[in-house]
Amino acid sequence: MFRFIVRRILTAALTMVAISVVAFLIIELPPGDYLTSYAATLAEQGDILSEERLEQMRVSFGLGEPLPTRYFKWVGNIVLRGNFGRSLEWRIPVNQIIWHRIGYTVLINISTILFVWTVAIPIGVYSATRQYSPGDYIATFFGFLGLAIPNFMLALVLMWIGFSVFGQHVGGLFSPEYRDAPWDLNKFIDLLSHLWIPMVVVGTAGTAGLIRTMRANMLDEITQPYVETARAKGLAEWRLIWKYPVRVALNPFISTIGYALPELVGGVVIVAVVLNLPTIGPILLRSLLSQDMFLAGAIILIVSVLTIIGTFISDIMLALIDPRIRLE
């Protein structure tokens, strides 16, 4: 296990170097740069920037330097100072823009994973152990329904229900009076009262898919000889199911931990916009459209780091849950 951990850490370091290069190049691939987009936007409003002014801004932002020089300066500031640079569009340090949004993104991500597991695992086990029963058909119906309904449509429906039925402000993660208030118990309770909507919306499709996955895996495992042997020894049925086949069937749940965050960031941008969530997805989209290289590159890099960490954790958990997996 120790050698595996050391090997994975070294691999992760090399992977991060490659990701930083790719992330930087992706921002640089479109023709022009941030100032090109900025000048075009001003031109649409009837304000023309002179070439001299554009050149001054290019020098000020460091955009006139060679590409390798800009990359090494960017990476050096991150590694040595923890400084991701200054956003070209917002004109403030990138750290001030992304850190609280990263926190809310991770919070929604973790709560969504817990919601998905809490719902999908028991229903999947029930459907497999009672195959073709009325409960199995009902779970299958709602599973396909969850896969078919777009997340943004479900978000709009829940917003309407929350506002019209419960009289609750459902946009964002806080009520207006707590949005800029200092943290205390009341603000935390207000956060929890709003968190369930994005948790349910984002987790619905994943729950529906994992219910089917859990059911299929359980159907494969409950017919295995080791299950029949445990049953023949007189082990209680509920204990047998949860001690042996469920542990093996959980592998897909554990193995997807590393991919949950990038899926949340990139896959539910529309939901984040609809619900006015202070997550990282809408900011990433906006920075890519405006070619704000420092902001977009920082977000891509941080999400990649969290993905590598999540994949590493999932590998360790798989080895602990499934004794057949040997990391050495």
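Refer to the structure presented above.
Just so it is clear, the model here is predicted, and its values are computed rather than measured.

Trainee: What am I meant to see in the pattern of salt bridges here?
Mentor: With the rule as written, the count across this model stands at three salt bridges. Connected via shared salt-bridge partners are Glu 228, Arg 231 and Glu 237.

Trainee: Can you walk me through the nonpolar core in this structure?
Mentor: A general trend in soluble globular proteins is that nonpolar side chains are found buried together. Trp 74, Phe 84, Val 94, Ile 98, Met 293, Leu 295 and Ile 299 are the most contacted members of the largest nonpolar core, which has 31 residues in total. Of all the secondary-structure elements, those providing two or more residues to this core are helix 1 (2–28), helix 2 (34–44), helix 3 (51–61), helix 4 (67–81), helix 5 (94–129), helix 15 (280–290) and helix 16 (293–321). It is helix 16 that contributes the most residues to this core, ten residues altogether. If sequence neighbours within four positions are ignored, Ile 299 has contacts with Ile 98, Ile 280, Ile 283 and Leu 284. Core analysis: the next-biggest nonpolar cluster, separate from the first, contains 19 residues, Ala 128, Ile 211, Ile 222 and Leu 240 among them.

Trainee: So what exactly am I meant to see when it comes to the environment of Leu 318 here?
Mentor: Its location among the elements puts Leu 318 in helix 16. With 70 residues separating them in the primary sequence, Leu 318 and Val 248 have C-alpha atoms 9.3 Å apart.

Trainee: Before we go on, may I ask you to explain the packing of aromatic side chains in this structure?
Mentor: For any pair of aromatic rings, the description rests on two quantities: the centre-to-centre distance and the angle between the ring planes. Tallying each qualifying case throughout the model produces eight aromatic pairs. Aromatic pair Phe 24 and Trp 74: ring centres 5.6 Å apart, planes at 35°, arrangement tilted. Taken as a pair, Phe 24 in helix 1 and Trp 74 in helix 4 lie far apart in primary sequence, 50 residues in all. Each of the two residues, Phe 24 as well as Trp 74, counts as buried. Aromatic side chains Tyr 226 and Tyr 244 sit 6.4 Å apart centroid to centroid with 70° between the ring planes, which places their arrangement in the edge-to-face category. With a gap of 18 residues between them, Tyr 226 in helix 9 (residues 225–232) and Tyr 244 in the loop between helix 10 (237–243) and helix 11 (245–249) connect regions that are remote in the sequence. Residue Tyr 226 is classed as partly exposed on the basis of its relative accessible area, which comes to 32%. Put simply, the rings of Phe 24, Tyr 71, Phe 72 and Trp 74 touch in pairs and so form one group of aromatic residues. Sitting over the face of the ring of Phe 174, Lys 187 holds its NZ or CZ atom 4.9 Å from the ring centroid.

Parameters and conventions
Residues numbered from 1 in each chain as written. Predicted model: local features only at pLDDT ≥ 70, side-chain atom pairs only at ≥ 80, totals over all residues. Heavy atoms only, no water. Salt bridge = Lys/Arg side-chain N within 4 Å of Asp/Glu carboxyl O. Core = buried A, V, L, I, M, F, W, Y, C linked by side-chain atoms within 4.5 Å. Buried < 20%, exposed > 50% of the residue type's maximum accessible area, 1.4 Å probe, protein only. Helix = DSSP H or I, 4+ residues; strand = E, 2+ residues; numbered from the N terminus. Contact = heavy atoms within 4.5 Å. Phe/Tyr/Trp six-rings, centres within 6.5 Å; stacked < 30°, edge-to-face > 60°. Lys NZ or Arg CZ within 6 Å of the ring centre and 35° of its normal.

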